[in-house]
Amino acid sequence: MTASTPASNSSLKPALKPVRTRFAPSPTGYLHLGGARTALFSWAYARHFGGTFVLRIEDTDLERSTPEAVQAIIDGMQWLGLEHDEGPFYQMRRMDRYREVIGQMLQQGTAYHCYSSPEEVEAMRERMRAAGEKPRYDGTWRPEAGKTLPPVPADRKPVVRFKNPLDGDVSWDDVVKGNITISNREMDDLVIARPDGTPTYNFCVVVDDWDMQITHVIRGDDHVNNTPRQINILKALGAELPLYGHVPMILGADGEKLSKRHGAVSVMDYPAQGYLPEAMLNYLARLGWSHGNEEIFSVEQFCAWFDLDHLSKSPAQFNPEKLASINNHYIKLADNERLAALVKPLMEQDGADFSNAPALPKVIGLLKERAHTVNEIGVAAMLFYRKPAPDAALLAQHFTDAVKPALADFAARCASVEWNKESLAPMIKEVLAAHALKMPQIAMPLRLMLTGQLQTPAIDAVLELLGREAVMARLQPHLV
Ligand code: GLU
């Protein structure tokens, strides 16, 4: 035995840290499509690696945060099936922890008290702007070796500022955008606690990502400017840095930032309009991420495929037609009983009468093929569940003297024909032949009498579903 084990033997490599991702919404409104997509990517990444997905509610903006918005976010995630493994953690309940860390930083000298008033800070910024420099805090209260600080003004509560490094760069390899490097000279000594001691936004995020041991921060690229500040604070705390990935925003079809103008932007508007969660997930997954040319895939497949290497660097465009066509795909796959449970309440609101009427799942089976939303099916299905009220002029136009005997013949044969499509279709043909008519001449008045409308699925299918009794009852008023 002479062979020695090479030091790089992969089986000897330390186990990778378990993946921990988070979704950290500010509860100031509904869960919008961009937020849902960020949540989806973070969730799928954790699922891919058997890791942990944390939900954190960033509710420190007391004026804009509401419990309704928290609920809307939780509802939206639940509808999409984005279950969190830990949380929800609320930042407002972690104030003691933030204060504790601020105390430690003051003690260690990585943060300091600053007594400059807001007016003084504004004046120094103004001076810098006038001198053509980037406006920033001038370091009046920043302690340095050998520096004498000004006397502490009476009756003024200080803010706490982070002692940002003066030299060097902050640099990270963004998993979406590639390497980003910012010079420390560009950055201010960030206020991390206000005069009343409350911590500021970026600071809370840092402490949370640290405490929650987040390994991958996937978020919207509107936060990219916060990242160098957060990295510097994490470094000052001696924390291990997570990987960052900043996902470009979602644009409307016109290239503008997605807004109400482009239709629904709240995730929960979609179930209300008859979209299925699996369709929404599939659509959102493709918005800014790709796996070859794959367009349609299950959520399990998505989790198996999802990686951070195929996130797009450029903004994705929201395309409602594409979403509708994916919805149609999943409607066709969906169980008719499930769709029935979704449309029934809507149809009841519309006055549907389900007594003596065909079973709703069967009707859905007939109607779902071309439906882009579940609600569309509900509207179409109403023809089976309300008394037909055909427009008199339309009926007169189609129910001509030439057609009347044929309709009477048809009604008579209805009494005895075997009630299924296979027998009804030839029976109609016989009636047409006997009266020398063409299909539309009998199908159109029949449609009007039976359903009140001219557009219906195939007439034999409508007849079969309505049933003999309902057909006879609906024809009766026109035969006398
Ligand atoms: N609370 C932030 C937002 O809703 C997200 C912060 C983060 O992901 O770091 O936009």
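Only a predicted model underlies this, so the values are computations on that prediction, with no experimental measurement involved.

Caption draft 1: Expanded view of the layout of surface pockets. One number sums up the size of the largest pocket: a volume of about 1000 Å³. As for the largest pocket, its lining consists of 36 residues, and the residues nearest its centre are His32, Gly34, Gly35, Asp222 and His223. For the lining of the largest pocket, the secondary structure elements donating two or more residues are strand 1 (20-23), helix 1 (33-48), helix 5 (201-211) and strand 9 (216-220). Broken down by element, the lining of the largest pocket gets its largest block of residues, five residues, from helix 1. Within this model, the second largest pocket holds a volume of roughly 410 Å³. Leu367, Arg370, Ala380, Thr456 and Pro457 are the residues nearest the centre of the second largest pocket, which is lined by 16 residues in total. At the level of elements, helix 12 (360-367) and helix 13 (374-381) are the ones that each hand at least two residues to the lining of the second largest pocket. It is helix 13 that contributes the most residues to the lining of the second largest pocket, four residues altogether. Taken together, the residues that form the lining of the second largest pocket break down as nine nonpolar, three polar and four charged.

Caption draft 2: Representation of the environment of Arg125 in the model. When you line up the elements, Arg125 lands in helix 4 (residues 118-130). The partly exposed category is assigned to Arg125, whose relative accessible area is 23%. Linking Arg125 and Ala36, residues 89 residues apart in sequence, is a C-alpha distance of 38 Å. In this view, Arg125 contacts Pro135, Arg136, Tyr137 and Asp188; residues no more than four positions away in its chain are not counted.

Caption draft 3: Layout of the pairing of strand 5 (residues 159-162). Of the two faces of strand 5, the one holding Val159 and Arg161 and the one holding Val160 and Phe162 are both buried throughout. Note: strand 4 (residues 111-114) against strand 5, four bridges, orientation antiparallel. When the bridges of strand 5 are listed, His113 appears paired with Val160. Alignment of strand 5 against strand 8 (residues 191-193), held across two bridges, turns out to be antiparallel. Following the sheet pairing, Val160 is matched in strand 8 by Ala193.

Caption draft 4: Here's a closer look at the packing of aromatic side chains. Scanning all chains against the criterion turns up 14 aromatic pairs. Ring centres of Phe297 and Trp305 lie 5.7 Å apart, and the angle between their planes is 75°; on these two criteria the pair is classed as edge-to-face. With 5.2 Å between their ring centres and 55° between their planes, Phe302 and Phe306 make a pair best called tilted. A single burial state applies to Phe302 and to Phe306, both of which are buried. One residue, Lys344, lies across the ring of Phe354, its end atom 4.8 Å from the ring centre. In this arrangement the basic side chain of Lys404 is found over the ring face of Phe399, its NZ or CZ atom lying 5.5 Å from the centre.

What counts, and at which threshold
Residues numbered from 1 in each chain as written. Predicted model: local features only at pLDDT ≥ 70, side-chain atom pairs only at ≥ 80, totals over all residues. Heavy atoms only, no water. 1 Å grid on protein atoms, 1.4 Å probe; cavity = no way out; pocket = protein on both sides within 12 Å on 5 of 7 lines; lining within 4 Å. Points joined across faces, edges and corners; volume = space filled by probe spheres on them. Helix = DSSP H or I, 4+ residues; strand = E, 2+ residues; numbered from the N terminus. Nonpolar A, V, L, I, M, F, W, Y, C, P; charged D, E, K, R; others polar. Buried < 20%, exposed > 50% of the residue type's maximum accessible area, 1.4 Å probe, protein only. Contact = heavy atoms within 4.5 Å. Pairing = 2+ DSSP bridges. Phe/Tyr/Trp six-rings, centres within 6.5 Å; stacked < 30°, edge-to-face > 60°. Lys NZ or Arg CZ within 6 Å of the ring centre and 35° of its normal.

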